[in-house]
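Each chain is listed here by its residues.
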Amino acid sequence: MRRFSCQNSDSRRGAFSRKHYGSVELLISCTADGAVQGAGRFRVENGENNEALSGGTGSSNIALLENPECQTRWYFKYFLGKVHQNYVGLDEDRSPFFLSVVLTDANNHNVPQYRAILWRKTGTQKLCLPHNPSKPLSIKSILSSFSLDKMERGPKEILSAEIQKDLLQLEEQEGAVNFKFGVLYAKSGQKTDDEMFSNECGSDNFDNFVQILGEDITLKGWDRYRGGLDTKNNTTGIKSVYTVYQGHEIMFHVSTALPYSKDNRQQVERKRHIGNDIVCIVFQEKEDDEDETPSFKPSMLKSHFTHIFALVTFDRRDESYRLTVFSEESVPLFYPPLPSPPVFKDSQEFREFLLVKLINGEKAALNTPAFAEKRQRTMDMLIKNLHQEYMQEISKSPLNLRSLSEVIPETVTSIKTKKKEEARQAEFLRVGQELKLNTIVKGDAPTSMATTGLLSKREPWEPQVLHYDFPHQVLCGDSWGESLVVSTEAGCYLIQEEATPRLLFDKSVPIKQLSVVEHHGLLLFRAEKGKECKVHVFRLSDFEGGYNEALVRTKADCKDHRLERTKGCHLYALSRPGGSFLRMVVAIKNKLLLLTWKHSVAWTAWNPSADTDTVEGFNYIRELTINDVPSVVTLVDGGRQDNMICVGYKHQFDIVNEKNGNTYRLHQVEGNKVELTDAIDVYEDGEPKVLLCYNHVCQLKSLSDAEETTNGFEFGWNSEPHGVVCAFPYILAFTPDAIEIRLLVNGNLVHSMPMPMLLLVTSKFDLYFVSAKDPISSCKDNNNGSTSPTISFSPPTTPTTGKGEPLWGKAPVTKYCVYQIPLSSLVGHPTDRACVKHGPVPAMMSPLVRIDDTVVRNRRELFSYGPGPQKGPHGQHHPHLHTGMGRAATVDKTSPATPTPPGRFLSRPNRLESCSSEPDPSVTFSPPPSPFRFSSVDQDEDIDLK
């Protein structure tokens, strides 16, 4: 039996803390004679609150760039140099906006999808939308997805090729691709900026540190990124320090390399560069190596521009570097948090951590009011000027008379008009490709992770293959130890690694929702349809032993295992693992039925042989009435207060008190189109919070003692998810064709993994999900079977059969891979799985995905299913372990997805590897698609400037 520590209990509760990122303090600096020279409020990160990150081995210490340009600069990557459409309009406040739409198959397994960018003065919004070949999206529906339903003036299409240059300029306002950082040398005891800038040269320790940062370059004649330094006349020094990290060019303004003047006490030339850097590294010498509290404070430097200071000290005893980061109070939190203690003995590890921290810090600083307001004024001016310019051009263009009801332009019947349109598109392509090439040559292109060496190290989210060739589409499921119980149209299966899936229930038992409660040895599921739907309760021991392992249960075997009170239910939810009692709430129309298991977790652990009940083990507590039929239900542990239930229906989320049934509004969702995805209970420093997920948005809401809520931050996904998992420091969204990974503290993107026909199965402990395995032969020409590419000015076409029918309409036989992402890899906590092989790792994440009847019906209509159950030899079954309680979650709808061609795999069968997408003729099997394809910014572009 697994023993749970206090840390594991916090993990199961979904606990996280922003204390890992330091605390805000008032820092006052004084001169040598004690006079106050400056004061300021800064967030101080010194690793003191990061006991969980001790040793630097957790995933929270992995250096990851936030919002990598290779995944966020959409216009450059997906639009520029390709046929796409651009529109201009006025919203209801008479503020101009631009909309760019492209139908592309780039980085999405060659499956067409819409990508849309909405340009407004407040910034850009990006969305991926599914492509239905029989029903192209309208501009109105795309704008509605951005919650832009009311407009003063309908959008008009811009046909000029020059719009690409202007939109590229708008995208560049998001921030620079390359960076310049100040490096200031400070001797021990120096307390003013005049003293620090007056150091003519540095010590040997400082010079060694600078060599870690980058390489010395000669400025005169330098033809790469110069960071504002003079490369012609040596007016800013003769040499500097330069490096490239993950495609970002970085120039360091080293104080001792900038011009020094003996007659100028303030060293204006040095201050002019370093004082105008957003980020500054301060290397301070120490007289005593045992002194771990340097005297430097940010208020010693008189700069209104520098927002982040990285203080570095060197310990000569063990040749290690200690790092402290000071961020101006208004700077949002940025990744990664400092380890405890923040000491680095490996110089290359320190370099990587420091560079990532500084790059992420500058990106975060650009979101402070000082920079954000300036950027917004610039965007407002540019968009207004472009609106005025292109509205005049649109009124003169005869080509703009065509319908704007669809994204794809209507078919042109006139030969003369068709030639004009083809000529316009050819010029459009030429201008866009020339712009892309020039941007790449200048070094301003969004960076690529192909040059960073990331392929040689394992990422925290890298999946392992649990089962390679599962023949059925999974509807729902839950983990049991290191096995997986899943429901399909062909029945309910137990999937184990290196074993044939074992059929537990045949297809006469249509399971819609399923949970494994290992602490009490229970298997719960919701089966049947409509009014006959009930919750069923089985013992896990019913499926163990030689006889039970050979038995396949039918509908008749479930008769005595039904909870009669739950008749007509459409979803249920369980309490999070780690609580003292198992609680279950069952939704029957607008009624909530509250049940609890009669034995506590502690009692069952002490006397497991006595806990043998099934349906009679649940005690009825009370029935609560809510305002409407819920599509989302989540149990929230109240801590010192009463336990609560978060319910979502239509356009709102409500909080219901379990004890008295009092209900109050938690959040009202604005907009005509609302899809509620989930409500995830998380706990920040013991305070219960709820992460509300709807449409493309996640919003963190705090719950106060009085029936009020305080607003938390919100962020958006690029695609609408059908499942969301919180595993601090990450939050993962599972969409029909990709896994999107962001940081929970600020919502910033760190990675996206395309995977076809994706479905999250469970995240109770480790994450389990399935993805389509078989490729589609969609590149053959219908006439001659040729696979050679053809030149076309049109967007990607829909894959079809030889009869011209959409390929996914023929319901091809598709097989699936079952993947697992270990929780220990994500949250960075040590795991005892090496000692107890078949136990799950306690989770710091969201519950299972709850799937109601609507989802099952939609998935049956949208996806294809493999052949019926195939009975084979039974694999060795894992023993029954009391290792954790399951919990259900709800997803109301799922988006359609389509099977797509996979990438290439290396030979190891149970782990995904990063590799090329080119097929290998020596490989004879059909491997699952690799989500780790890092491509250069122009790898999927063919630039032709003829």
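Under an unreviewed UniProt entry, the name given to the protein is GTPase-activating Rap/Ran-GAP domain-like protein 3, and the source organism is Branchiostoma lanceolatum. According to its UniProt record, the protein has this under Sequence similarities (unreviewed entry): "Belongs to the GARNL3 family."

1. Observations regarding the overall build of the protein
Looking only at helices and strands, the protein has 15 helices and 44 strands in total. In the protein, which comprises 946 residues, the proportion classed as buried is 58%. In the protein, the share of contacts with a sequence separation of at least 24, taken over all contacts with a separation of at least 6, comes to 66%. A total of about 38,900 Å² of accessible surface is found on the protein, and carbon and sulfur atoms cover 47% of it.

2. Section: the packing of aromatic side chains
The final tally for this structure, using the stated rule, is 31 aromatic pairs. Taken together, a centroid distance of 5.7 Å and an interplanar angle of 65° make the contact between Phe 505 and Phe 543 edge-to-face. One end of the pair, Phe 505, is in strand E21 (residues 502-506); the other, Phe 543, is in the loop between strand E24 (534-539) and helix H12 (546-550), with 38 residues separating them in the sequence. Of the two residues, Phe 505 and Phe 543, neither departs from the other in class, the shared state being buried. Centroid distance Phe 538 to Phe 543: 6.0 Å. Interplanar angle 45°. Geometry classified as tilted. For Phe 538, a relative accessible area of 1% puts it in the buried group. Grouped by ring-pair contacts, the aromatic residues Tyr 185, Phe 206, Phe 209, Phe 283, Phe 314, Tyr 321, Phe 344, Phe 350 and Phe 353 constitute a single cluster. Above the face of the Tyr 78 ring, Arg 115 is positioned so that its terminal group lies 3.8 Å from the ring centre. In this arrangement the basic side chain of Arg 565 is found over the ring face of Tyr 620, its NZ or CZ atom lying 3.9 Å from the centre.

3. Side note on helix H9 (residues 347-365)
Compared with the 27 Å implied by 1.5 Å per residue over 19 residues, the 26 Å span of H9 between its first and last C-alpha is a close match. Of the residues flanking the start of H9, the one acting as N-cap is Asp 346, its side-chain oxygen 2.9 Å from the backbone nitrogen of Gln 348.

4. Focus on the sheet that holds strand E27 (residues 583-588)
Read from one edge to the other, the open sheet built from four strands follows the order E26-E27-E28-E29, with strand pairing classed as antiparallel. The open sheet is flanked by strand E26 (571-574) and strand E29 (618-625), the only strands paired with a single partner. Pairs of neighbouring strands in the sheet enclose a mean axial angle of 20°, with direction left out of account. Where strand E28 (residues 591-597) meets E29, seven bridges bridge the pair, whose relative direction is antiparallel. Counterpart to Thr 596 in the pairing with E29 is Asn 619.

5. Here we look at the environment of Asp 642
The residue Asp 642 is located in the loop between strand E30 (632-636) and strand E31 (644-649) in this model. Between the C-alpha atoms of Asp 642 and Asn 660, which are 18 residues apart in sequence, the distance is 9.3 Å. The contact partners of Asp 642, leaving out residues within four places of it in the chain, are Asn 657 and Lys 659. Side chain to side chain, Asp 642 and Asn 657 meet in a polar contact 3.3 Å long.

6. Regarding the sheet that holds strand E20 (residues 491-495)
With respect to topology, four strands assemble into an open sheet ordered E18-E19-E20-E21, the strand pairing being antiparallel. Strand pairing shows two members of the sheet lacking a second neighbour, strand E18 (474-480) and E21, which therefore form its edges. Adjacent strand axes in the sheet meet at a mean angle of 20°, parallel and antiparallel pairs treated alike. Bridging between E20 and E21 involves four bridges; their strand directions are antiparallel. Following the sheet pairing, Tyr 493 is matched in E21 by Leu 503.

7. Things to note about the pattern of salt bridges
Going through the model one piece at a time under the given rule, you end up with 31 salt bridges. Among the salt bridges present, the one from Asp 315 reaches Arg 317, with a minimum N-O distance of 2.7 Å. Exposure remark for Arg 317: the relative accessible area of 52% places this residue in the exposed category. Ionic pairing is found between Asp 681 and Arg 576, a salt bridge with its closest N-O pair at 2.8 Å.

Rules used in this analysis
Within each chain, residue numbers correspond to sequence positions counted from 1 in written order. Side-chain atom pairs in this predicted model are given and counted only at pLDDT of 80 or more, local residue features only at pLDDT of at least 70, and totals for whole chains, interfaces and linings cover all residues. Calculation of side-chain values draws on the structure's entire complement of heavy atoms; hydrogens and water are dropped beforehand. UniProt positions are given in the numbering used here, feature names are shortened, and annotations may be inferred rather than shown by experiment. Secondary structure elements are defined from DSSP: runs of H or I of at least 4 residues count as helices, runs of E of at least 2 residues count as strands, and each element is numbered from the N terminus. For every residue, the accessible area (1.4 Å probe, protein chains only) is compared with the maximum for its type, and the residue is labelled buried under 20%, exposed over 50%, or partly exposed between those bounds. Here a residue-residue contact requires only that any non-hydrogen atoms of the pair lie within 4.5 Å. For the area figures, the Shrake-Rupley method with a 1.4 Å probe applies, and any residue is considered shielded solely by the protein chains shown. Aromatic rings from Phe, Tyr and Trp, with only the six-membered ring used for Trp, were paired whenever their centres fell within 6.5 Å, and each pair was classed as stacked if the ring planes differed by under 30 degrees, edge-to-face if by over 60, and tilted otherwise. Charge-over-ring contacts are defined here by two conditions on Lys NZ or Arg CZ: a distance within 6 Å of the ring centre and an angle within 35 degrees of the ring normal. For a helix, the expected span equals 1.5 Å multiplied by the residue count minus one. Any pair of nitrogen or oxygen atoms within 3.5 Å is treated as a polar contact; in protein, a donor-acceptor pairing is required on top of that, and neighbouring residues in sequence qualify only through side-chain atoms on both sides. The pairing criterion for strands is at least two bridges between them, as found by DSSP. For helices, the axis comes from a line fit to the C-alpha atoms of the stretch in contact; other axes are also lines fit to C-alpha atoms, and the angle between any two N-to-C directions lies between 0 and 180 degrees. When a carboxyl oxygen of Asp or Glu lies within 4 Å of a side-chain nitrogen of Lys or Arg, that pair is called a salt bridge.

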